[in-house]
Structures are given as structure tokens and as C-alpha cells.
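Structure assessment
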Amino acid sequence: MLPRKSIIPEEFGLPGLATRMHRKPVFRDRVNKARFIAKNGSCNLAHKNIREQGRFLQDVFTTLVDLKWRFTLVIFTTTFVSSWLLFAMSWWLVAFAHGDLDPGELRGARCVTEVESFTSAFLFSIEVQVTIGFGGRMITEQCPTAITVLIMQNIVGLIINAVMLGCIFMKTAQSNRRAETLIFSRHAVIAVRNNRLCFMIRIGDLRKSMIIGATVRLQVVRKTTTPEGEVIPIHQIDVPTESAVASNSLFLLAPLIICHVIDKNSPLYDLSAMELQCSDLEVIVILEGVVETTGITTQARTSYVSEEIQWGHRFVPIVTEEEGVYSVDYSKFGNTVKVATPRCSAKELDEKPSILIQTLQKSELSHQNSLRKRNSMRRNNSMRKAGSRSGSMRRNNSGLLAPKVQFFTPAEGGQSLNAVT
């Protein structure tokens, strides 16, 4: 059976019209992927299938410092208790070999006085290593072995104290603790500054003690493919900042706005506002410096994905002068305000500078129109208020008019009275 032909020609059907229509580029939603650097600065990276685990034991001190506090405290307690038990066993063997555990032995001939069981040997081990010295137990000159064990326990105890206390000190004085008071703005912004598109963030220090020689580095991390077909999942591209002059050091006395000019060498040069929202790039910010009070180098990190970059916004000023003192309002640290910004990329803006001029003119006209509307609304409100006031005054004045008064005079014959007003 032959198929039925349609009355409408095929070129005018829905499939034909769909093929002939000009299709606009459709930007798909960006697939949510894991960020490389978290907002708190921690690296979102998992190490798997490490076969050479023995390398961590070759650097025991760093391994202990990198462990979590609960594991460090468990190792700290286990190490001391194990050393006390080990030397308690040594003191018990010395007493057993010398015959001090025999009840018939004389007290003056013992190696260690008052050591008659393993419990007493354990207590004596704690007294020797911690140098408590209650005075009830002590070694004598009867056996050189006890003196040798005493020297060995003192040396081992000093080594354990140095390692464990040093580990605890380094964990409490880690450089990342100072980074807790180095803050970054929640969002990054892209706006026009000095007639150029700029990527800007805000950084600040909550402490009065400064960061000496502070430097800021920006990196764009994205998945790229080389012309040879090699896929680089984490391609790090350095991004220069506006403060990259001389030593690139910052005087971080008050919150600063770090600016990156989007030029030909920028990885954001070809991205428009729409393409930025659909891209999978991540901008990493690294702030480094030396702590003024401790002299330890610290580093604070954060990152911004495409959803956290606001196009056409600018940070509001937060530093004001009050009674001869500069004050910083940290409640407005991350606040932004909308400004006139072209939605095209920096490449298109360089090719067509008139786009920027037209955008600024439109914003100026809209600003003037809004001002005119506000002024007209204010005038109308003032006229309405004046009209209502005049109406109320008229009503009040009408109530104050003199009423009619009738005077009665006697007429002729006294029969009638004439009313006179």
C-alpha cells in the first residue's frame, strides 16, 4: 500500500521549515563539577592507589603534624604509656635478676628500694621518666645495670618529650591558623574600570597585626585540549593582577580590591556574560605573606566558579573617615552594586569600542530619566500636599465667618417688630 501524500508540499511542512530556519546558538547548562579549591581554602583532591606508603614513615614528624588532633592525642598517650611499661619491665627484670623480689633479702642490698612487684616497678618508671621523685623509691650502688637502665630511660624520655611536645606546638602554631582571619569576598565581579573590562575581588585582614610582604596570585583552572588531542583535566593558567609592579607586594592595612585587566593575554578574553555562566572554569586566589608577630609564612586560598562571578557589578566602598580616624565597615565587605557594563566579551569590546560608549550613554539616559521621574513624583506629592493644606485652611476659614445677628426694633403702635441684620 502506497503512503498517502500530503496536500501541503514538503518544503512548507514543519521539518522543512525547521531546517530552513536560522537557529541561534543555544548555551547548555553547565554541568556541576567538583571544584578544585573549596571556599575555605582546602584542596578538594583525593590520593588513591599509593603503593609507596613507606615514604610517609621516613618523615615521621611531618606525618604527625598533618594528622588530625584525635589521632595525634592517641599517639601521644600511647607513646608515653608504652615507654613507661617498657622500662617498668626493665626495672622488674633488674630486680628479679638481683634477687630483690625475694622477701628474705636485705633492704640495703637491693638495686632499687621499695620495688617489690611489677606495679611498684611501673610507678618507679613513671617517676624516673617524668622526674617526679617522690623519694620512696631510688636506685643504689649495688648493681651497675640499674644505673645503665636509668641513663637509657632518661635519654629516651627526653627524645619522646622533644618530639611529642614539638609536634603539639607545631599543630597549634600552624600557618593556616593565621589564614582564618584573612577573608575574601563571597563573589567576584566583572565591571568596567578605566574603559577596560576587569575581573575584581576584595581581600581583607581582620587582625591589626599585619602580613608582611603580602602577595596575591590568580590562577584559572580549566579543562583544555591541546591541538595534538591531549586532554589536560587541570590546566593552570597564571593571571596577572593590576598590582603586579616591582615586588608585587601589598600593604594590606585595609581591605583592598584586586583587579585583573581582561586583555589579550587573559584566559577570560573571549568570554561574554552568557558564555561565562556556561563555562566550567575556576579562578583560584592565593594570598601569601609573613606573619608579623611570629615570622611564619602563611597562605590563604579560595576559589570562584562561574556561578560566583557577577557580571556588571562593583564593590561598594567600606572605608570612611570618621573624626580623623579611618574606619572599615566589614558588614558591607561583600556588598556589590549594579553598574553599566557591556554584556559582550573583551575581545568584541576591543574590536568595537563604540559598544562601551553606547552602553554608558544608555545608562546615563536611564539615570537622567529616573532622576526626572523622581523629581516629578516629588513635585506632584508636594502639590498634592499643598492642595490638601489649602483646602483644609478654606474649610477652617469658612467655619470662622461671623454669623448673622438679628436686631429687633419696636414699630409704630408697638404691634410688630422689624428684623434688622
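Above: the structure in question.
A brief structural summary.

1. A closer look at the overall build of the chain
Helix and strand content of the chain: ten helices and 15 strands. For the chain, the computed accessible surface area is about 29,100 Å², with 58% contributed by carbon and sulfur atoms.

2. A word on the layout of surface pockets
Estimates place the volume of the largest pocket at around 470 Å³. If you trace the largest pocket, you find 18 residues lining it, with Asn 40, Gly 41, Ala 179, Glu 180 and Arg 301 closest to the centre. Elements supplying a minimum of two residues to the lining of the largest pocket: helix H7 (175-178), strand S1 (182-184) and strand S8 (297-305). Looking at which element gives the most residues to the lining of the largest pocket, the answer is S8, with four residues. Residues of the lining of the largest pocket, tallied by class, amount to five nonpolar, eight polar and five charged.

3. Digging into the sheet that holds strand S5 (residues 231-239)
Pairing within the open sheet is antiparallel, and its four strands lie in the order S5-S4-S7-S8. The outermost strands of the open sheet, each flanked by one partner alone, are S5 and S8. Sheet twist, expressed as the average angle between the axes of neighbouring strands with direction ignored, equals 25°.

4. Overview of the packing of aromatic side chains
In the structure shown here, the tally under the stated rule is five aromatic pairs. Seen in terms of ring centroids, Phe 80 and Trp 84 are 6.1 Å apart; in terms of plane orientation they differ by 50°. Their pairing is tilted. Separated by four residues within a single helix, Phe 80 and Trp 84 lie in helix H4 (residues 69-98), roughly one turn from each other. No difference in accessibility class separates Phe 80 from Trp 84, as the two residues are buried. With centroids separated by 5.5 Å and ring planes inclined at 10°, the aromatic side chains of Trp 92 and Phe 96 adopt a geometry described as stacked. Placement of both Trp 92 and Phe 96 in helix H4 is noted, with a separation of four residues, approximately one turn of the helix. Counting every residue linked through ring pairs, the aromatic cluster contains Phe 76, Phe 80 and Trp 84. In this structure, Lys 171 packs its charged tip against the face of Trp 69, placed 5.2 Å from the ring centre.

5. Details of the state of the cysteines
What makes a disulfide is a covalent bond joining the sulfur atoms belonging to two cysteines. One pass over the full model with this rule turns up one disulfide. Between Cys 111 and Cys 143 runs a disulfide, and the two sulfur atoms are separated by 1.9 Å. Of the two residues, Cys 111 is situated in the loop between H4 and helix H5 (118-130) and Cys 143 in the loop between H5 and helix H6 (144-172); the sequence distance between them amounts to 32 residues. Of the two residues examined, Cys 111 and Cys 143, each falls in the buried class.

6. Description of H5
Taking 1.5 Å of rise per residue, the 13 residues of H5 would be expected to cover 18 Å, and the 18 Å separating its terminal C-alpha atoms lies within 8% of that figure. Turning to H5, its buried residues number three or more, namely Ser 120, Ala 121, Phe 124, Ser 125, Ile 126, Glu 127, Val 128 and Gln 129. As for H5, its buried residues are in contact with H4 and H6. The first or second residue beyond H5 is Thr 131, which carries a positive phi of 55°.

7. Looking at unusual backbone geometry
The phi torsion at Asn 194 lies on the positive side, around 55°, for a residue other than glycine. Tracing the chain through its elements places Asn 194 in the loop between strand S2 (188-193) and strand S3 (196-205). Look at Asn 194 and you get exposed, because its relative accessible area is 64%.

8. Quick notes on the packing of H4 against H6
One can describe the packing of H4 onto H6 by two numbers: an axis separation of 11 Å at closest approach and a directional angle of 175°. Classified by the angle their axes make, H4 and H6 are roughly antiparallel. By residue class, the composition of the contact of H4 with H6 is 16 nonpolar, eight polar and one charged.

9. A short note on the pairing of S8
Judged from the nine bridges that link them, strand S7 (residues 282-291) and S8 form a sheet pairing that is antiparallel. In the strand pairing of S8, Glu 288 is matched with Gln 299. Here S7 folds back onto S8, and the loop between the two strands holds five residues, one of which, Gly 295, carries a positive phi near 75°.

10. Some remarks on the side chain of Arg 202
Checked against the element boundaries, Arg 202 lands in strand S3. Of the side chains with opposite charge, Asp 329 lies nearest to the buried Arg 202, which makes no salt bridge, at 9.6 Å. Within polar-contact distance, the side chain of Arg 202 engages the backbone oxygen of Val 316 at 2.7 Å. A polar atom in the side chain of Arg 202 sits 2.9 Å from the backbone oxygen of Phe 333. With near-sequence residues (within four places) excluded, Arg 202 lies in contact with Ile 183, Phe 184, Ser 185, Pro 255, Leu 256, Ile 257, Phe 315, Val 316, Pro 317, Ile 318, Lys 332 and Phe 333.

11. Focus: the environment of Val 192
Here Val 192 is to be found in strand S2. With 149 residues separating them along the chain, Val 192 and Thr 341 place their C-alpha atoms 6.2 Å apart.

12. Overview of the nonpolar core
Counting residues in each nonpolar core, the largest one holds 38 residues, and the members touching the most others are Phe 199, Ile 201, Ile 203 and Ile 309. In this structure, Phe 199 is in contact with Ala 188, Val 189, Ile 190, Leu 218, Ile 258, Cys 259, His 260, Ile 262, Leu 268, Val 283 and Ile 309, ignoring residues within four places of it in sequence. In terms of nonpolar packing, the next biggest core, distinct from the first, is built from 13 residues, Trp 91, Val 94, Ala 146 and Val 149 among them.

The rules we used
Residues numbered from 1 in each chain as written. Predicted model: local features only at pLDDT ≥ 70, side-chain atom pairs only at ≥ 80, totals over all residues. Heavy atoms only, no water. Helix = DSSP H or I, 4+ residues; strand = E, 2+ residues; numbered from the N terminus. Areas by Shrake-Rupley, 256 points an atom, 1.4 Å probe, with all protein chains shown as cover. 1 Å grid on protein atoms, 1.4 Å probe; cavity = no way out; pocket = protein on both sides within 12 Å on 5 of 7 lines; lining within 4 Å. Points joined across faces, edges and corners; volume = space filled by probe spheres on them. Nonpolar A, V, L, I, M, F, W, Y, C, P; charged D, E, K, R; others polar. Pairing = 2+ DSSP bridges. Axes fitted to C-alpha atoms, helices over the stretch in contact; angles between N-to-C directions. Phe/Tyr/Trp six-rings, centres within 6.5 Å; stacked < 30°, edge-to-face > 60°. Buried < 20%, exposed > 50% of the residue type's maximum accessible area, 1.4 Å probe, protein only. Lys NZ or Arg CZ within 6 Å of the ring centre and 35° of its normal. Disulfide = S-S within 2.5 Å. Expected span 1.5 Å × (residues − 1). Contact = heavy atoms within 4.5 Å. Parallel < 35°, antiparallel > 145°, perpendicular 65-115°, else oblique. Lys, Arg positive; Asp, Glu negative; His and termini not counted. Salt bridge = Lys/Arg side-chain N within 4 Å of Asp/Glu carboxyl O. Polar contact = N/O pair within 3.5 Å; in protein donor to acceptor, adjacent residues only side chain to side chain. Core = buried A, V, L, I, M, F, W, Y, C linked by side-chain atoms within 4.5 Å.

That is the geometry; function is a separate question.
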